[in-house]
8 protein chains.
Amino acid sequence: MSAEDIKLDLTRRERLGFEEAMFCAHKSPAQIDAVLDQLAAAGQGSLLTRLEPEREAMLRAEHRARLDYDPVSRTAFYACTPAADGAPRVGIVTAGSSDVPVAREALRTLTYCGVPALPVFDVGVAGLWRLLERIEELRSLPVLVVAAGMDAALPSVIGGLYGGLVVAVPTSVGYGVAAGGQAALNAILASCASGIVTVNIDNGYGAACAALRALNHRA
Amino acid sequence: MSAEDIKLDLTRRERLGFEEAMFCAHKSPAQIDAVLDQLAAAGQGSLLTRLEPEREAMLRAEHRARLDYDPVSRTAFYACTPAADGAPRVGIVTAGSSDVPVAREALRTLTYCGVPALPVFDVGVAGLWRLLERIEELRSLPVLVVAAGMDAALPSVIGGLYGGLVVAVPTSVGYGVAAGGQAALNAILASCASGIVTVNIDNGYGAACAALRALNHRA
Amino acid sequence: MSAEDIKLDLTRRERLGFEEAMFCAHKSPAQIDAVLDQLAAAGQGSLLTRLEPEREAMLRAEHRARLDYDPVSRTAFYACTPAADGAPRVGIVTAGSSDVPVAREALRTLTYCGVPALPVFDVGVAGLWRLLERIEELRSLPVLVVAAGMDAALPSVIGGLYGGLVVAVPTSVGYGVAAGGQAALNAILASCASGIVTVNIDNGYGAACAALRALNHRA
Amino acid sequence: MSAEDIKLDLTRRERLGFEEAMFCAHKSPAQIDAVLDQLAAAGQGSLLTRLEPEREAMLRAEHRARLDYDPVSRTAFYACTPAADGAPRVGIVTAGSSDVPVAREALRTLTYCGVPALPVFDVGVAGLWRLLERIEELRSLPVLVVAAGMDAALPSVIGGLYGGLVVAVPTSVGYGVAAGGQAALNAILASCASGIVTVNIDNGYGAACAALRALNHRA
Amino acid sequence: MSAEDIKLDLTRRERLGFEEAMFCAHKSPAQIDAVLDQLAAAGQGSLLTRLEPEREAMLRAEHRARLDYDPVSRTAFYACTPAADGAPRVGIVTAGSSDVPVAREALRTLTYCGVPALPVFDVGVAGLWRLLERIEELRSLPVLVVAAGMDAALPSVIGGLYGGLVVAVPTSVGYGVAAGGQAALNAILASCASGIVTVNIDNGYGAACAALRALNHRA
Amino acid sequence: MSAEDIKLDLTRRERLGFEEAMFCAHKSPAQIDAVLDQLAAAGQGSLLTRLEPEREAMLRAEHRARLDYDPVSRTAFYACTPAADGAPRVGIVTAGSSDVPVAREALRTLTYCGVPALPVFDVGVAGLWRLLERIEELRSLPVLVVAAGMDAALPSVIGGLYGGLVVAVPTSVGYGVAAGGQAALNAILASCASGIVTVNIDNGYGAACAALRALNHRA
Amino acid sequence: MSAEDIKLDLTRRERLGFEEAMFCAHKSPAQIDAVLDQLAAAGQGSLLTRLEPEREAMLRAEHRARLDYDPVSRTAFYACTPAADGAPRVGIVTAGSSDVPVAREALRTLTYCGVPALPVFDVGVAGLWRLLERIEELRSLPVLVVAAGMDAALPSVIGGLYGGLVVAVPTSVGYGVAAGGQAALNAILASCASGIVTVNIDNGYGAACAALRALNHRA
Amino acid sequence: MSAEDIKLDLTRRERLGFEEAMFCAHKSPAQIDAVLDQLAAAGQGSLLTRLEPEREAMLRAEHRARLDYDPVSRTAFYACTPAADGAPRVGIVTAGSSDVPVAREALRTLTYCGVPALPVFDVGVAGLWRLLERIEELRSLPVLVVAAGMDAALPSVIGGLYGGLVVAVPTSVGYGVAAGGQAALNAILASCASGIVTVNIDNGYGAACAALRALNHRA
């Protein structure tokens, strides 16, 4: 694939209020290097998502030197050092510790866009007391991103206790009928709690963008 | 279909501890009448399940006179007047009021077999306080049948609060991705609470039989 | 089903900022009448959803007299006359005219909650000029509900042109592979536009609740 | 992932009568080491499930020294030496020899909880005499765990011959339409034998927990 | 649809050893009448399948007078009086009484082709003794057609006890995961008994044709 | 639904070379009448598709008088009398007589656009001689529309014998695994013959539009 | 897994007329060695199926010395040298060259049982002349095994030209909607040719067993 | 697999106007070498598709020397040097850069057949201006091949702006519900734009063949 096969959307921030991230899942190291070359030429930083450690390790040294890479979430900041200080505006909740990679993808995306977030991890409904301990803290935030796999019961329980926007992210955690996350996705869509919304399976980046969209018009 | 097409399993109680019920879903009124004739000839009563009001109304008058029919659960007792008195041994829980027909199928099956049960209806997790009010009462029972459709989050929450046998029954309540009950079934199978078991969608009869199996060996 | 099978969640508004609606899809006229009796006794109005004209016509006359019924959206206001005046705060967009019933369910839910909305119907991408004519008007609103069936390409196109919250509602409009709305749902979840969120198929009520959640914390 | 991402549920035994196991499938060796550190600090033993030999071999030496690891079932006892002596209280049955790993996961879970079990392996219905030879022995036990893949006909046949609780575990054994275990799961759910219950595909641990729940209230 | 839209395959018997049947499922009474007109003109009889009583009653009187119609199997012989005397050459077995309509479609097809068959109905594995009573009789026949819905365990058990050709017919009997017959079909395809073959769900006609194909080359 | 819910795309012919048809499947008679009113006001004719006889009979008399309605294909010409004379430019082929309604939808669409077509019906591969008799005639045409349900083997066979554009239309003809047409669709997509294209199940209208697109640029 | 986990069915030939084969897909080299030890002790040969070259190479040398291994079909004869001479009694047909591994599994199974077979490979319908050249030869045989992936149109065409038993084997050859063989399986089940039967995807062994069952009762 | 297992269709060009390509996906290097030997013996060149770099590297040196291999599209020209000069006759459009491999498979197929094509890559609807810049250029061409994964909204938008033949190719680009390309395929089949056609997922070769079929009859 040559450089002319790629058209960066450099005006997205102005149109939508947040920038295009570089989704690396289907790209070879050579392709990623080519896009980073373009970004470097344009003097622009970027967020990279779905960058596996194996492929990250194969990028050109000059590019790796400019990456702030997080292997858990498989995200990287390229040529920029984003910071998100101040009171959190979004809560990032997970049902189990296996959902943390997806939650961190959301967290890093918000950090990249300068929005501070509060992580509340491993509070699934099999031990309900863990959530009830934290619910008041969460109620003070306008948006929650809730990552859950398997039966994804957590967003429903949260939806009954909290009145702000709940962006549930089904995760591919599980096996058997839960493998791949479709069971979690359907449970969320069929939630008995009203007004819960969702994004694609494992799409922590998309959930963060939804939170950004919800915050966009706020003062 | 003539009488010789049907072979009643009249020794099931002796083998398994509970009798065969008559599953009416795929049978015409004429076929049901034919089986009732055989039962009458054998001097045996029976439980009928999945008998829609429309078909019940088309049975022969002599048979209808001997039916105790419940249109909500679509069950009937034929030629017998079962009673289940005493302290409840099984809890029958539903997430919503739309799950009641399935729950009542379980309840009537237990009544038919002489096992008293405690109904606790409409305590879904969107209003968690409804369940928490009743949980202590449920903890005193060795088996719970829990009917839930849509996201079926209730069995997971119960499974984290209660240590006896939980027989979840997914129901076909819902629409869109919940239509038909497959989403509820998968959520139950993928439950984050350990040791929850399940039966086919809408199978209140089967859940009651599972409770009977669990109670069979008890003193 | 008797009255004790139903537990109204009368404190939801206080917990979540919006009230429980009465989902009528799996309820018989007798059951709906029973709930309306309870509401009447509590002196409370309500929103009814998924009430088909056939069943509406079978409700008791005293209840029908207090219903403001809309057959297109199959919704009714019971014992209340909600109004939503002022500048619109939510846009309600549809791809085709067949998506209007779902869109109107969202619209009526917002009206019930006092939130004015702007309908922009029949602007699907097969005639792209129809959307482009209205996009500036939509950009002034913080939340859009976008109902689309078949290939559901509209939310993706809007997501690339608009930076606020996009709550897409897949509809069951279509046939063949589109029947039931699963193709539309998957297209939305897989959208190439970042941060689009979705709800269950045909769930106009849920989309409106999501908009209410997003507006809840606003000044 | 850091230690604060994990919240152990150390009071589960007291709530439910059995402890949380550590599900290792989605965890890296480093994450597993971190949890074992926490357990060591709390002076608590544990059961580990879904621990592949490759990952077991990468754990820290100090932890491996305290593991009793079984590669067939991919389970380990950490910092404890459970024993389950006495007359068996649960039967563990398999249809084929390929179902043994799942059956042993159930067996080891019961051993961990001190419940003796009787293994009866490779008695599938293609050679019916193998089951009939053992059925009397099985009838003396209150609960059977039955692992079967492919067409999963064995639980149905057992359900017709045995009156206690039958917890069927569909396995992912098979290929073509049987691949992944969904065909086995559906056959069990649709069983012509009444009152059979099931858990997720390959969930030997969950089946054992269900047996524990059923035994919990017994004298 | 006019007569020129239809091309009868009048030479099939000569090519294949059995004739084309008229599959009525998607045809209106007018279309069926048109085909019968063509057959009458050609002086040829026929077998009609999937002819519901409602449509049969709407055919022209002159055609109905020449039909031998069986409402259970929804088949008819047109303008012919087939007989199948002598020792049975095919066994027709069903698991339950609800599978009888499909079994009778097979039986009537064999009768139409002059092949005597032995019906053995309602011998499903939930009461295994019913099959074991008849198995010796079945062993004397070269081909068995076995109709079973739900979990379709019967063909697997028969396949382990009988060495001739087993043509299993999954039926759409059941509900929940069994609805439509896909679970039964998959269980048959995944059978642990070797060499079982199958046809489409509810395809009694096809199973009979398979038996005819197997008998075709015999002396 | 009021008139302002609908936006006719009156410039489609100019953009694409063919006009919008009115898809009636999800519209009530009142809605259809409203669109016809708009067309009448604009002095424009139209093609209506998916108009069931029951709904056609409920349209206003003044509109029915201007319809040329074909109940087999469920199509109507409104306020126009299209003719398509001359040598055929497209072949319309069906595998069975049950595929004719879909084929006629394609035929009527072509007629509406003035393109003559050649119908070749009921030439499925179970009687291969029927196709081979007509193949030379078909070879003279640049485009074939081939409607087939069930196993949809016909387009593959044609694709190996004919070098022009083959637009296959899977139909929902069949039962069991063929019900709904997904099996036919997949067989066409997986065709061993190269370069076959397809449209949605039963979409005769779309297949005709594809043929029009292919013919659009021709001299 | 120890030796007592395995129960060989050494009397199958006597019951069914053909022996159990050893299905190696889910077995480790150590488990396969253990079974071969048992067979050696019993002085019995065997057929091994689904034995990948990688695992075959890891068996103990003493066992490998007694294997006649075919890497294409992944089958082996253990401790026996079957021969199948004389006129062929079964035809083995494939649509493409990618279907040959499955076809050879059938061929080797027949050889193991002493039944000569005629291979006719790569005669798919995209080049129909290839089949027509061989059809007369095939017509002389009582049973055909037909392996086809992708759209599996070949069995339908053969079923219209040949009157004996057609055992179609769907193969997992293909990609996209054909991946895994489900499209091929459904096309076969929905075949427009009557009386075609099928087995699980890629089940060449099962197709051969079906042929053996059909030949079992012949003189 | 020996040489006699393969039957090249050397007369396809004459029958259909384009030659058979060699689909390498299920073939070992040895099998591919065997086919190339046959082609070399026949003095014929060929197009190879789905040839992964790993397998290409394992072919015999003499064959590799005669291959013009493109790793992006995984295609090779064997023993020929096709050129496609002149004004483009087909447009090849992609939604994203990840769709380029499929698009290049189409492009190389057209080049092999001497048809010049215009690539227009990375113009997905999330940045609509990218497509609008190129649409006039595309309108001058009679056929477009449009490759798109994820939600595949691009073909619908193009179908509303362009009146020639649109052959959409769904790609397997994406994750979660988009994984494997089924969501993209269904979105295309359900397109709101009329007359769009499609081929199997990732089938760039097939899309090019469809374009060739459409161009075949042109002057």
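Let us look at the structure shown here. (Residues numbered from 1 in each chain as written. Chains lettered and ligands numbered in written order. Predicted model: local features only at pLDDT ≥ 70, side-chain atom pairs only at ≥ 80, totals over all residues. Heavy atoms only, no water.)

For the rest of this paragraph, the subject is helix 10 (residues 204-216) of chain A. Compared with an ideal rise of 1.5 Å per residue, which puts 13 residues at 18 Å, helix 10 of chain A spans 18 Å between its outermost C-alpha atoms and is within 8% of the ideal. Listed in full, the buried residues belonging to helix 10 of chain A are Gly204, Tyr205, Gly206, Ala207, Ala208, Cys209, Ala210, Ala211, Leu212, Arg213, Ala214 and Leu215 of chain A. (Helix = DSSP H or I, 4+ residues; strand = E, 2+ residues; numbered from the N terminus. Expected span 1.5 Å × (residues − 1). Buried < 20%, exposed > 50% of the residue type's maximum accessible area, 1.4 Å probe, protein only.)

This part is about unusual backbone geometry. Located in the positive-phi region is Asp202 of chain C, a residue other than glycine, with phi close to 65°. Along the chain, Asp202 of chain C falls in the loop between strand 9 (197-198) and helix 10 (204-216). Here the phi dihedral of Arg74 of chain F falls at roughly 55°; this positive angle occurs in a residue that is not glycine. Take Arg74 of chain F: it is sitting in the loop between strand 3 (67-70) and strand 4 (75-78). Residue classification places Arg74 of chain F among the partly exposed residues on the basis of a relative accessible area of 23%.

With an axial shift of 0.0 Å and an RMSD of 0.0 Å, the rotation relating chain C to chain A amounts to 180°. Read as a symmetry element, the transformation amounts to a two-fold axis. With an isologous cut-off of 70% or more, the 100% of interface residues of chain C that recur at the interface of chain A puts this contact in the isologous class. (Least-squares fit on C-alpha atoms with pLDDT ≥ 70 in both. Contact = heavy atoms within 4.5 Å.)

Least-squares fitting of chain F to chain E yields an RMSD of 0.0 Å, with the superposition described by an axial translation of 0.0 Å and a rotation of 90°. These values place the two chain copies in the arrangement generated by a four-fold rotation axis. In terms of C-alpha distance to the rotation axis, chain F has Gly180 of chain F as its closest residue, with the C-alpha 8.6 Å off the axis.

A few words now on the interface of chain C and chain A. At the interface, 37 residues of chain C touch 37 residues of chain A. Buried area between chain C and chain A, summed over both chains or domains, comes out near 2800 Å², and the portion from carbon and sulfur atoms is 51%. Where chain C packs against chain A, one counts zero salt bridges. At the level of secondary structure, the elements contributing two or more residues to the side of chain C that touches chain A comprise helix 1 (12-16), helix 8 (154-161), strand 8 (165-170), helix 9 (182-189), strand 9 and helix 10 of chain C. The greatest single-element share of the side of chain C that touches chain A, amounting to seven residues, is contributed by helix 10 of chain C. For the side of chain C that touches chain A, the per-class residue count stands at 19 nonpolar, 13 polar and five charged. (Buried area = accessible area lost by both parts, 1.4 Å probe. Salt bridge = Lys/Arg side-chain N within 4 Å of Asp/Glu carboxyl O. Nonpolar A, V, L, I, M, F, W, Y, C, P; charged D, E, K, R; others polar.)

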